[in-house]
Amino acid sequence: MDHVEPPPQKTDDLLLLPDHVGGLSLQSAQSPVPAEFNGNIEFDHLFRSSAFTSQPERDPFAFHFAQLDEDFGLHRRASGASRFPVFSIGDLDQRCRALALASGEHAACLLAKQAVERDAQAWHSNVWSFPIETRKTTGTCGDGQIVEYTYQVRVARFNEQLFQSLSVKFNQLLATNTSSVYGTLFRQTIAELELVHYVQAAVGTRPSDAAVVRQALDRLFELAEAKQLSANSIQVVRRLVLYVGSLFLRCLGSARNTQREENLLLTLEDPPAASSADEIPSATVYVMTRLIHVHGTSWGAALLQPGHADVCGGSLLQVLFAEPVADYAELDYCAVLGQISWKEIFVHISVDELHKFVLAPLQRGLGLASTAGYHRLTLALAKIAVLISETYPELLQACVALSTRSPWPCQMVCATLLPTWPWHELPQSQAMLMFKELYHVFADEFGASSREETRAAHRKRYLDHLLLNQQIISVSYSLEPGLLQLNAEARFPVFSAFVSLAKVSLEGRRSADADCVSDVLSDLARLVAQELFQFAFLTPPAPNPPPAPPGHAPLDLRSWTPYLKAEASTQLASLVRFAPKLLGAVINMIGQQLPSLSADQLVYFFGTQLGLKTFPSWQPDLGSLGWLSYFLAHRPLPALHSLSDAASIDTLLGAYLVQRPQVTFPPAVAAGGLAIGCCLMECIKWELVDPPTRLIALLVLLASSSCNINPEWLRTNLLSPQLGLKLTQYPLEADITPRLIHFPARDLPNALEVTLVQGLCALSVVHERAIAPRPRQDGSPYGTMAWLQHVGLFHNLQAAMGRLSSAAAVHNLLLRVLHTLKFDAATAEPFTAMYSAALTGARGSVPNAELPTRLQPLQRLIAQTLAQTGEVRQLYTVFWCRVVCSRSLYEPAFAPLLDFVAHGFFLSHAALPDSLSQALAARGVGKKEAMKLIATYPWAAFAILWSTPPDAHGLSNDPAKMKDARFMLFKEAAQQLRDQLVALAFWEQFMLGYLDVAASSPALAAALITQPVKEQLNKHFTTTAQHFAGDATRKAYMVYYSFTTWSRDVIFDQGASLFGPGQLRDVLKAASPLPFDVPPAVADPPAVPPNPAAVPHDASVPVNPAAAPSAEAAEPNLVDLLSLDGPLPAPPAAANHATPRRLVASKIQPLFAPCVPPLDAVADKEAELLHSFESQVEQLSASAAAADRNGDEAPVTRELRALVAEYRRIADSLHACDDEFLHHTRHMWHNHPSKFSVKAACRQGSFCAEAVTLECPAVQIVPISSTIRDDMLANRARFDAAYNTFFATGRSMARIAVLLQHLSRALFDHPAAGASAAAATFFSLAAIALENVFPLPMLRSPFQALLKELGDAFVKPQPQRQLRLLQVVLGHT
């Protein structure tokens, strides 16, 4: 019911007949002798029988098919004809008209069938309706009142009358499919096969006859223009056009550059008037014109193989755009342009030829395409212009003008191609003109120095232009998805073009291939930066959309404004990275417009888009530092004559640093300024900035503490490696730094910050002196350890440590001190005092709640420093051992630190360093302290016991005195730890000491560990071992069991320690991660400088910033749109001579789809099909002759019977499917009775004595069967399968009809040899005719004509065959 056209046949198989069309068993149908038979046999009456008396006698298609028979030449030809017909334009015209007629009839039947289908579908949708019925029910309430309740119920209603009409419509649709649609498809297939065979035989066998090929191609193009062709016939005609067209191109290939080509191209019925040789159309132009008129450039693109001669000599583009665009389809134009290999053509074309044959037609084409609204064609033409400018840079301006000066919306459509133009080839002097062209500026006075009112008005107009037309750019992206990736998904790509032009205008770019320029800025660069800044940060929100016209959606511009601002900001960042000096101008604009700016957007701009952390090429000048002071300190920077001037230094350190803020901001503006200033401070690579600038920035930071800046942020950043440590690194400004270090800070509000800065500067001075020693002229100990003691560095930093609450700040400061100063006897006390202050804070003690915060930075610092190697690690080991033991272990801050250090050392080397033992011994700690710490800090207790004096068992054999021996203390501590893994370290030390005593004095060992004690310990070992029976702690399990042996060989079978590599150390690491890993002590080359006053400088800070730039500084520029791959091409030597151009690396070339190659194999394929068809005809002749000798039926007629039987079977199946579908339709829904209850009161409402409960009868619409939907879907699936197979039988019968017709022609050509085959074929067809096999008159017609021809030629002249025919007729009565 839902089929419009029989499934199309694959056109390549039109002349291939399968060996077996059917294969079903057949039953002969007995028919009575026709009433009109009077003893005289007329061959054209053999197909008439009573079986068709109920049908109209006149076939409605008889007249047309009679003409079709004449056209196909179904009558006998003169004997002696050649195997293949001689080409005749009349014969080809007849076959073309026959196909047009048959295909038109079939298309008309399909339209009629489609109308019936629409009616059937509409009626089927309305057979069932679901109206809402209103029902009432009544009852009596408690007051005795009658209560009436009204409700609505939806019911299912079946329309019987409409169903009967639907049944009639289904029968009508089936009759249409099985009669007119089937019959016309049969005739259409015959016409298609005849045309294909004639073209293959009459044209394909003469491929070198150019006149024949050209005439055939003209007629096929005319046939392709026919409007009434069905879809299948269109595919057949297109296939023939490609076939003959490929032969045509072969002919031209052999006649190229000769007079034959001109003659061939002029063999038209109405040749165009040509005044000169240049006006003769090329073959490509001819084929292109014909293809465009049939909208065939997409499927016929292989016939278009244009070259240089076609574009220039053939004037292809001039012809293409000679007519209005609306006459052709857009895709046809794009297909033609896509078949031209532009890059190869442009390499060998002169500038004059470009202007005449390419640029001028492109200009006309862009105008016509823009007027017609052909965006895809506009993009295709613009891409060609870009490709021209890549090859001919001197034409860049002219090519860009094609897109900017064409009618609207050409400029917006082509805006997506702006990043692909070779802007780097543009002369610097023309960059401003091109910017004005793109920015719609047509006044000379517009520039960086123009009045702001003029520029603001123009900016507003351009902004409205961008927002109103953005949808055009989105459409262009949808048409050319590759442009979206090429533009990095930019919605406003014009901003990228602005930046490219600004880069072109910057001086120094063409002389050096650098990633950025830093010299004099151009006016255009400043102008572009200013305009982008306005678009990025000062674009107001779009207004509400105006009311839309009726039927149109409102144009909401608000959704595009965020995209515009973000993309302008991104492009501004790209320009600033290229020209770092523009950053000062940007900061100046920020300062001037601060109240109107978004701090969050600017922070994102500096931190993410601009990426100042990877932007080493800019050093802030005094103007930028002044704005930083304005943002952070709310005061202007004083006018400085020179940093060596004493008055300037006093101004900076006195008036500026001490004074209060001089500018008052609203809270929101102040917060925004602080955010911007802080972001700038964090982003600039200060290690590459000169010392005076760094020092002024440092003073600005200190002055900001008097404002609302977060003090924690300030202190943390003053001590961070990214900011404060880089601002104070060496070299420092020589004149002001000493005065800053000695500046009295005690009474300042920001005394803590100033103290930290003074300490950092003092450390940098010492570091600088250690790297490059030089005595001061006054002979003072400047930069020495004595000088540090004099300026009170340790005392000041010790006081500052106690006030720092940030763990990161403490860590950074401690690390800076350690990396600068060497720990020795002279600095031991101040060092330990300072680091102790970091633990205990300003109060000298730390509450337990603050303990983790205090411990964290020191633990991180210890882990980082002890990971060093060689002499540096030895230095740090001694230092930290003294620090952790510098105070009483009863203080809560030092015991966990000792535990941390001992834990890391022991698990790294299975031992503790001597410096730790010496420091603990010097503190006088022992058993008492160890037993107090064993439960909370077992490793601290382990370290204390480790540091106790060695056992004195060699001096006394008294067991009482040996009970306090070190190994016995380890036993006592291990028993307190019970089943903790760390207890194994204590048991190991006990076993080592005990086994040594047992080896030298067994009696003493037995007295110390008696047998009952040993048994008690064995029980403890076995019980504790069970806690470690798992796989992860299996080694601990085995060690505890080895203790029960009391044997050195068993316990220490793998080495001198249980905590060696691969032993218990791994178990303890898994249970308690190692705090730090101390590398083994190997002999590394000393990493300290020869000066004993300093330790190695931090490797992250280069010794000479100018000579050792950071890795970040060497990163390539993120946006490098101006990279050139060679010198600019020289202009052509002569205007009319094409100098070969270089092939440049193209951005636009990947957007061109590859050209469709010519169809080289199509002619050979068609020749194979023709040969196969002729072979089948010969096989039919041989099989018919064999059947005649054996008295059998010809095999081909058996196949014909099978197809007819298949037709009837499938037709019955379709009828059965329709009946079943109608049955399901009748029984789709059922009204299932149901009911519901409601409580209703009388008019008294809530005062009613008792509401009555009413039972309301209702219905529920349910499917009659739970599988009804699946059954109907399965029914239509069976119908579809049968429907598709049904029309395949008609095509197969048409193939047999054509095959038999060509067999007849072959028999007529050789009557003597083919008499036997002709007789068998005739009598087989006569039997089919008498049996009335064919169900439709249209199916009988070709076989009836064939039967008459064979009878007249091979039966009438032979009396014996006439007698045999009479017997056949009588046998079927």
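Because the structure is a prediction, the values reported are computed rather than measured. (Residues numbered from 1 in each chain as written. Predicted model: local features only at pLDDT ≥ 70, side-chain atom pairs only at ≥ 80, totals over all residues. Heavy atoms only, no water.)

Asks: Can you explain the overall build of the protein? Please cite residues and give values.
Replies: A tally of helices and strands in the protein yields 56 helices and 6 strands. When each of the 1373 residues of the protein is scored for burial, the buried share is 53%. A sequence separation of at least 24 residues applies to 78% of the contacts in the protein between residues at least 6 apart. Surface accessibility of the protein: about 60000 Å² in total, with carbon and sulfur atoms responsible for 55%. (Helix = DSSP H or I, 4+ residues; strand = E, 2+ residues; numbered from the N terminus. Buried < 20%, exposed > 50% of the residue type's maximum accessible area, 1.4 Å probe, protein only. Contact = heavy atoms within 4.5 Å. Areas by Shrake-Rupley, 256 points an atom, 1.4 Å probe, with all protein chains shown as cover.)

Asks: Give a detailed account of empty space enclosed by the protein, specifying residues and quantitative values.
Replies: Summed over all chains, the structure comprises 6 cavities of 30 Å³ or more. Considered as a void within the structure, the largest cavity measures approximately 120 Å³ in volume. Looking at the lining of the largest cavity, its residues break down into 12 nonpolar, 5 polar and no charged. (1 Å grid on protein atoms, 1.4 Å probe; cavity = no way out; pocket = protein on both sides within 12 Å on 5 of 7 lines; lining within 4 Å. Points joined across faces, edges and corners; volume = space filled by probe spheres on them. Nonpolar A, V, L, I, M, F, W, Y, C, P; charged D, E, K, R; others polar.)

Asks: Kindly report on unusual backbone geometry, identifying the contributing residues and their values.
Replies: Trp-408 connects to Pro-409 through a cis peptide bond whose omega is 5°. Tracing the backbone through its elements, the reader meets Pro-409 in the loop between helix 14 (396-404) and helix 15 (410-414). You will see that Glu-489, though not glycine, has its phi angle at about 60°, which is positive. Of note, Glu-489 is situated in the loop between helix 19 (481-486) and helix 20 (494-505). For Arg-978, which is not glycine, the phi dihedral falls at a positive 55°. In this structure Arg-978 comes out as exposed when scored by relative accessible area, which is 60%.

Asks: So what's going on with helix 23 (residues 582-592)? Which residues, and what values?
Replies: Buried residues dominate helix 23, accounting for 8 of its 11 residues. If you check which residues of helix 23 are buried, you get Leu-582, Leu-583, Gly-584, Val-586, Ile-587, Met-589, Ile-590 and Gly-591.

Asks: Now, about the environment of Glu-394: what can you tell me, with residues and values included?
Replies: Assignment of secondary structure puts Glu-394 in the loop between helix 13 (375-391) and helix 14. Between the alpha carbons of Glu-394 and Val-351 there is a distance of 9.8 Å; along the sequence they are 43 residues apart.

Asks: Could you give an account of the pairing of strand 2 (residues 132-140), with specific residues and numbers?
Replies: Inspection of the sheet shows strand 2 paired to strand 3 (residues 146-154) by 9 bridges, in the antiparallel sense. Each residue of the ladder has a partner; that of Lys-136, found in strand 3, is Thr-150. Counting the residues between successive antiparallel strands, the hairpin from strand 2 to strand 3 contains 5 residues, one of them, Gly-144, with a positive phi of roughly 80°. (Pairing = 2+ DSSP bridges.)

Asks: Break down helix 13 for me, citing the residues and quoting the values.
Replies: The terminal C-alpha atoms of helix 13 lie 25 Å apart, and with 17 residues this matches the ideal 24 Å at 1.5 Å per residue to within 8%. The buried count for helix 13 comes to 16 of 17 residues, which makes it a mostly enclosed element. (Expected span 1.5 Å × (residues − 1).)

Asks: Requested: an account of the environment of Ser-230, with residues and values cited.
Replies: With respect to the helices, strands and loops of the structure, Ser-230 is situated in the loop between helix 4 (210-224) and helix 5 (231-255). Sequence spacing of Ser-230 and Leu-185 is 45 residues, and the spatial spacing of their C-alpha atoms is 9.8 Å. Among the polar contacts listed, one links the side chain of Ser-230 to the side chain of Gln-188, at a separation of 2.6 Å. (Polar contact = N/O pair within 3.5 Å; in protein donor to acceptor, adjacent residues only side chain to side chain.)

Asks: Describe the pattern of salt bridges, listing the residues and the values that go with them.
Replies: For the structure shown, the criterion picks out 25 salt bridges. We note a salt bridge from Lys-136 to Glu-148, for which the minimum N-O separation is 4.0 Å. Of this pair, Lys-136 sits in strand 2 while Glu-148 sits in strand 3; the two residues are 12 residues apart in sequence, bridging distant segments of the chain. Neither residue differs from the other here; Lys-136 and Glu-148 are each classed as exposed. (Salt bridge = Lys/Arg side-chain N within 4 Å of Asp/Glu carboxyl O.)

Asks: Could you give me a rundown of the packing of aromatic side chains, with the residues and numbers involved?
Replies: For the structure shown, the criterion picks out 57 aromatic pairs. For the pair Phe-942 and Phe-970, a centre-to-centre distance of 5.3 Å together with 55° between the ring planes defines the contact as tilted. Here the residue Phe-942 occupies a position in helix 42 (residues 938-946), and Phe-970 occupies one in helix 44 (residues 966-977), the gap between them amounting to 28 residues. A single burial state applies to Phe-942 and to Phe-970, both of which are buried. Put simply, the rings of Phe-967, Trp-987, Phe-990, Tyr-994, Phe-1021, Phe-1028, Tyr-1040, Phe-1043 and Trp-1046 pair up and form one aromatic cluster. One Lys or Arg, Lys-1014, reaches over the ring of Trp-1046 and ends 5.0 Å from the middle of that ring. (Phe/Tyr/Trp six-rings, centres within 6.5 Å; stacked < 30°, edge-to-face > 60°. Lys NZ or Arg CZ within 6 Å of the ring centre and 35° of its normal.)

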